[in-house]
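# Observations on the model geometry
For reference, the chains in residue letters:
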Amino acid sequence: MDRLAAMRAFVHVIEAGSFVRGAEKLGASTSSTSRLIADLEAHLGARLLNRTTRKLSLTETGQAYYERCVQLLADVDEAEAVAGAAAAAPTGRLKLTCPYNLLAQPIAPALAEFSRRYPQVSFDVTVADRVVDLVDEGFDLAVRIGAPGGEQLVARRLGTTQLLACASPAYLARRGTPQAPEELARHSVLTYAYVSSPFQWRLVDAEGRAHEVRVSGPLHANSGELLVAAALAGMGIVFEPDFVVGPHLARGELRRVLPQYGGPKLDVWAVYPSRRHLSAKVRTFVAYLAEIFAADPLRPQPVPAEKASKRPKRDAVR
């Protein structure tokens, strides 16, 4: 028995004053409506209605049950209305996780611009370089670099980033500029913990040949932000994503090392637990992140609303 359907039938019959008129309001047959209420009484083990040939009346138990059913069904209808509105327009709290090296660019500026566009959305952000279990820890969305995660997750590719070797002008003036990958072995290299081979850098030349070199240095850390700050201070050579070091390269605070060699390219993903009944806040924010990466893959920046409105519309999430 569908108890909610039975409760609705019961309430409609009482309010209409008869099984016939109650069934008409439900768009059901009189026999099926009568059967629902009989099943409800059997389930409860109590008589709800006094039936005569001329009228229906509530028992004492039926009166108390009717009053609770009216309130319960109103709460259910309200909950469905709220959920339906949330599915139609971005609203509510979005629980997001991302790694540290995505925080400054592009996540933090994106949060600010998105909040201006959709003030009914708020963010609860956990910054962590570990792979967060989205389902167990209750996250709506993760932005990840490299592997998107488990098979039970839905992933949308936002863009691609490339690792660039960089150092400050002061460091290069002091230690010299490497001219070939093997020369990195004689330099102070700042290594990142959350990669499969932090002490083995892989560079590819213009002909597509891979060059692998063993590196070491004075700093090994699980924070790309810390490594970039150390490189800016002249501590050594760093190997970080283009959108992280891009602003520093543009301002001359860092310089490319071995620019004729490319570092590994990594995909950037938006990852969420399920495609089914995806909320508007997640769907819209993922589409906005994809727009940012499409606008400028080297240094993703928020797309102002006036410019975004001129862009062709995209499907929200595929």
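Refer to the structure presented above.
Below, the structure is looked at part by part. (Residues numbered from 1 in each chain as written. Predicted model: local features only at pLDDT ≥ 70, side-chain atom pairs only at ≥ 80, totals over all residues. Heavy atoms only, no water.)

## Quick notes on the overall build of the protein
Within the protein one finds 10 helices and 13 strands. Counting every position in the protein, which comprises 318 residues, the buried fraction comes to 41%. Sequence-distant contacts, at least 24 apart, represent 73% of the contacts inside the protein between residues at least 6 apart. Looking at the protein as shown, the accessible area adds up to about 16700 Å², and 51% of this sits on carbon and sulfur atoms. (Helix = DSSP H or I, 4+ residues; strand = E, 2+ residues; numbered from the N terminus. Buried < 20%, exposed > 50% of the residue type's maximum accessible area, 1.4 Å probe, protein only. Contact = heavy atoms within 4.5 Å. Areas by Shrake-Rupley, 256 points an atom, 1.4 Å probe, with all protein chains shown as cover.)

## Here we look at the environment of Asp205
Tracing the backbone through its elements, the reader meets Asp205 in the loop between strand E8 (200–204) and strand E9 (210–214). In this structure, the C-alpha to C-alpha distance between Asp205 and Pro259, residues 54 residues apart in sequence, is 9.5 Å. Excluding residues within four positions of it along the chain, Asp205 makes contact with His211, Gln260 and Tyr261. Among the polar contacts made by the side chain of Asp205, one reaches the main-chain amide nitrogen of Arg209 at a distance of 2.8 Å. (Polar contact = N/O pair within 3.5 Å; in protein donor to acceptor, adjacent residues only side chain to side chain.)

## Describing the packing of aromatic side chains
Under the criterion given, the structure shown has 10 aromatic pairs. Where Phe114 meets Phe285, the ring centres are 5.0 Å apart and the plane angle is 80 degrees; that geometry is what we call edge-to-face. Residue Phe114 is located in helix H5 (residues 103–117), and its partner Phe285 is located in helix H9 (residues 280–295); the two are separated by 171 residues in the primary sequence. Of the two residues, Phe114 and Phe285, both sit in the buried class. (Phe/Tyr/Trp six-rings, centres within 6.5 Å; stacked < 30°, edge-to-face > 60°.)

## Some thoughts on the pattern of salt bridges
In this structure the tally under the stated criterion is eight salt bridges. One salt bridge connects Arg157 with Asp267, and the closest N-O pair in it is separated by 3.0 Å. Remark: Asp267 occurs in strand E13 (residues 265–272) and Arg157 occurs in strand E6 (residues 154–167); sequence separation between them is 110 residues. Ionic pairing is found between Arg209 and Asp205, a salt bridge with its closest N-O pair at 3.1 Å. (Salt bridge = Lys/Arg side-chain N within 4 Å of Asp/Glu carboxyl O.)

## Describing the packing of helix H2 (residues 19–26) against helix H3 (residues 30–44)
Two elements in contact, H2 and H3, have axes separated by 9 Å at closest approach and are oriented at 100 degrees. Of the possible angle classes, the one that applies to H2 and H3 is roughly perpendicular. Of H3, the residues touching H2 (which contributes Phe19, Val20, Ala23 and Leu26) are Thr30, Thr33, Ser34 and Ile37. Looking at the contact of H2 with H3, its residues break down into five nonpolar, three polar and no charged. (Axes fitted to C-alpha atoms, helices over the stretch in contact; angles between N-to-C directions. Parallel < 35°, antiparallel > 145°, perpendicular 65-115°, else oblique. Nonpolar A, V, L, I, M, F, W, Y, C, P; charged D, E, K, R; others polar.)

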